[in-house]
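Observations on the model geometry
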Amino acid sequence: MSFIKFLGTAGARFVVSKQLRASGGAWLSVGKTNLYIDPGPGALVRCLNSKPKLEPSTLDGILLTHKHLDHSGDVNIMIEAMTEGGFKKRGILFAPGDALEDDPVVLKYVRSYVDKVEVLKENSEYRIGEIQFSTAQKHQHRVETYGLNFKISPRTISLITDTKFFPELPSLYRGEILIIHVVRLKPIGDDPIDHLSIEDVKTIIKKAKPKLTILTHFGMTMIKAKPWVIAADLEKEVGVKVIAASDGMKLDLEVATES
Ligand SMILES: [Zn+2]
């Protein structure tokens, strides 16, 4: 079974540091290939406590969309767990250059545990086992950040990670399933971190027309407004299926867009 499981739906510093939602990122499984996306704080614990348990030593790779801590806090321990303490050299680490170079989040000694480190760049194609994906142009975020388009069977998935809204954004992510990191309920002009709001999500859905949209990575204003209420209102307004991810939610990719 191909699936994506959300091991955390927290976004930005407050919700993550208080653990109002978990912050473990997501596990993507396609056929026999397992890829971990954005192992934020608690990723390892969330994997092992998952029911059924997700075993890190079955991972084929780990990917960071960017180096902010809510996306990368557990990257080192997840690499160690994937490689059974570093004794079984295996797997691929995908990360933007700045997560590896200046002020890196991936420790140098841990990098020798993986088979390969692939540096993410703009508009590039990558493959790991049965998972094929590409990056689009760089996001507008304080650090080097990439969204992803997964060309996988049976469903294409787009993942819009942290970014400030920019006009080209909707046309870059055309997957049948759109996973979108929406930190804010309302836009604020002086957001120092550059995140999306529900207004931005509306604009994106209307243009990109995904079959299913999944909201995740919630900041405080989203949590207070109850993400499932926001998702239901949004669905009514835009006329396509919208759901709010919850911690531990597993989406079966075979049936995800059927209704
Ligand atoms: Zn970020």
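See the structure above.
Thresholds, definitions, all that
- Residues numbered from 1 in each chain as written.
- Predicted model: local features only at pLDDT ≥ 70, side-chain atom pairs only at ≥ 80, totals over all residues.
- Heavy atoms only, no water.
- Salt bridge = Lys/Arg side-chain N within 4 Å of Asp/Glu carboxyl O.
- Helix = DSSP H or I, 4+ residues; strand = E, 2+ residues; numbered from the N terminus.
- Buried < 20%, exposed > 50% of the residue type's maximum accessible area, 1.4 Å probe, protein only.
- Donors = N, O, S within 2.8 Å, 3.2 Å for Na, K, Ca; no water.
- Tetrahedral: all angles 85-135°; square planar, octahedral: opposite > 155°, others 65-115°.
- Lys, Arg positive; Asp, Glu negative; His and termini not counted.
- Polar contact = N/O pair within 3.5 Å; in protein donor to acceptor, adjacent residues only side chain to side chain.
- Pairing = 2+ DSSP bridges.
- Axes fitted to C-alpha atoms, helices over the stretch in contact; angles between N-to-C directions.
- Contact = heavy atoms within 4.5 Å.

Quick look at the pattern of salt bridges now. Taken as a whole and assessed by the stated rule, the structure comprises eight salt bridges. As a salt-bridge pair, Glu118 and Lys116 come within 3.4 Å of each other at their nearest N and O atoms. Residue Lys202 is joined to Glu199 by a salt bridge in which the shortest nitrogen-to-oxygen separation is 3.2 Å. With Lys202 and Glu199 both in helix H7 (residues 198–208) and three residues apart, the pair spans about one turn of that helix. Note on Lys202: relative accessible area 14%, which makes it buried. Glu199 gets classed as partly exposed once you look at its relative accessible area, which sits at 42%. Several salt bridges converge on common partners, so that one network encompasses Glu199, Lys202 and Glu237.

The zinc ion binds to the protein through His66 (NE2), His68 (ND1), His141 (NE2) and Asp162 (OD), with metal-donor distances spanning 2.2 to 2.4 Å. In this structure, the zinc ion is coordinated by four donor atoms arranged in irregular fashion, with angles at the metal of 89 to 171°. Within one chain, the residues donating to the zinc ion are spaced in sequence as H-x1-H-x72-H-x20-D. Owing to a relative accessible area of 0%, His66 belongs among the buried residues under this scheme.

Moving on: the side chain of Glu144. In this structure, Glu144 sits in the loop between strand E8 (131–135) and strand E9 (148–151). Comment: no salt bridge for buried Glu144; closest opposite-charge side chain is Lys138, at 4.6 Å. Polar side-chain contacts of Glu144 include one of 2.6 Å to the side chain of Tyr146.

For the rest of this paragraph, the subject is the sheet that holds strand E15 (residues 250–252). If you trace the seven strands from one edge of the open sheet to the other, you get E6-E5-E4-E3-E2-E1-E15, paired in mixed fashion. Each edge of the open sheet carries a strand with a single partner, namely strand E6 (116–120) and E15. The average angle at which neighbouring strand axes cross in this sheet is 20°, direction not considered. Bridging between strand E5 (residues 92–96) and E6 involves five bridges; their strand directions are parallel. If you follow Ile92 over to E6, its bridge partner there is Lys116. Sitting on the sheet, helix H4 (residues 75–82) is in contact with strand E3 (33–37), strand E4 (61–63) and E5, with an inclination near 170° to E4.

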